[in-house]
Amino acid sequence: MSSEYAKQLGAKLRAIRTQQGLSLHGVEEKSQGRWKAVVVGSYERGDRAVTVQRLAELADFYGVPVQELLPGTTPGGAAEPPPKLVLDLERLAHVPPEKAGPLQRYAATIQSQRGDYNGKVLSIRQDDLRTLAVIYDQSPSVLTEQLISWGVLDADARRAVSHDEL
């Protein structure tokens with residue numbers, strides 16, 4: 001692996017970790033020691049080569065597809081990535097339970113699994129939205145519109161759904 005490629009890979013790893021609000025020690029704690037801070041840091045600096053297997057495991061830990069971590073996966077960087085799906089948990093708390101109950105339970109489960117109790121926002125994946133759409137018996141795009149109307153999702157989420165349905 002070239003040192004330039006390793007640095008680009010490391011930059012992507014760092015970006016994903018920081019987007020999730022994790023420090024290097026936070027990664028070690030959240031993974032219960034499976035991912036040592038010093039090792040992840042050396043991957044991020046490009047000082048240490050990461051095997052494909054370890055990269056796949058790290059992507060799984062972060063909850064992102066492996067291709068999100070690979071440098072040069074967008075042609076010349078021209079393609080704009082879909083926006084992140086971020087639930088506004090404060091607004092969700094004000095939606096009547098008969099409407100938002102399944103979403104509140106789903107969000108609480110994700111928070112519990114991640115140990116993420118900031119209570120303000122929660123990032124979800126495209127797969128989470130598809131699962132919620134099944135629970136609500138709606139298409140992902142219809143559910144997205146509903147969540148936007150409740151103020152739980154930002155209007156940019158439309159682009160994430162339309163990108164996913166391509």
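Residues numbered from 1 in each chain as written. Predicted model: local features only at pLDDT ≥ 70, side-chain atom pairs only at ≥ 80, totals over all residues. Heavy atoms only, no water.

Enquirer: Help me out: how do you make sense of the environment of Arg45 in this one?
Expert: As for its placement among the helices and strands, Arg45 is situated in helix H3 (residues 37-45). Owing to a relative accessible area of 42%, Arg45 belongs among the partly exposed residues under this scheme. For the pair formed by Arg45 and Ala6, sequence separation is 39 residues and the distance between their alpha carbons is 7.8 Å. Beyond its immediate stretch of four places on either side in the chain, Arg45 contacts Lys7, Arg14 and Val38. (Helix = DSSP H or I, 4+ residues; strand = E, 2+ residues; numbered from the N terminus. Buried < 20%, exposed > 50% of the residue type's maximum accessible area, 1.4 Å probe, protein only. Contact = heavy atoms within 4.5 Å.)

Enquirer: Teacher, can you tell me more about the packing of aromatic side chains here?
Expert: By convention here, two paired aromatic rings are described through the distance between centres and the angle between planes. Inspection of the entire model under this criterion finds two aromatic pairs. Centre to centre, the rings of Phe61 and Tyr62 are 5.4 Å apart; their planes meet at 55°, and the pair counts as tilted. Here the two residues Phe61 and Tyr62 agree in accessibility, since each one is buried. Arranged with centres 6.4 Å apart and planes meeting at 65°, the rings of Tyr136 and Trp150 form a pair that is edge-to-face. Note that Tyr136 is positioned in the loop between helix H7 (126-135) and helix H8 (140-150) and Trp150 in helix H8, a separation of 14 residues in sequence. Judged by relative accessible area, Trp150 falls into the buried class, the value being 15%. Sitting above the plane of the Phe61 ring, Lys30 keeps its charged end 5.6 Å from the centroid. (Phe/Tyr/Trp six-rings, centres within 6.5 Å; stacked < 30°, edge-to-face > 60°. Lys NZ or Arg CZ within 6 Å of the ring centre and 35° of its normal.)

Enquirer: Would you explain helix H4 (residues 52-62) in this entry?
Expert: Side chains that are three or four residues apart share a direction in an α-helix, a result of its 3.6 residues per turn. Inspection of H4 places Leu55, Leu58, Ala59, Phe61 and Tyr62 among the buried residues, and these make up the whole buried set. Seen from one end, H4 has its buried residues packed into an arc of 160°, which puts them on one side. Residues Val52, Gln53 and Asp60 are exposed on H4 and point more than 90 degrees away from its buried face. Contacts made by the buried residues of H4 are with helix H1 (3-19), helix H2 (24-30) and H3. Remark: Gly63 follows H4 within two positions and exhibits a positive phi of approximately 75°. (Arc of directions from axis to C-beta.)

Enquirer: Would you take a moment to explain the confidence of the model for the protein for this structure?
Expert: Segments scoring low in pLDDT should not have their predicted coordinates read at a detailed level. Here the protein shows a mean pLDDT of 85. Residues at 70 or above account for 89%. Per-residue pLDDT stays below 50 along residues 74-79; that stretch engages in one contact with residues further than four places along the chain or on separate chains. (pLDDT = per-residue confidence, 0-100.)

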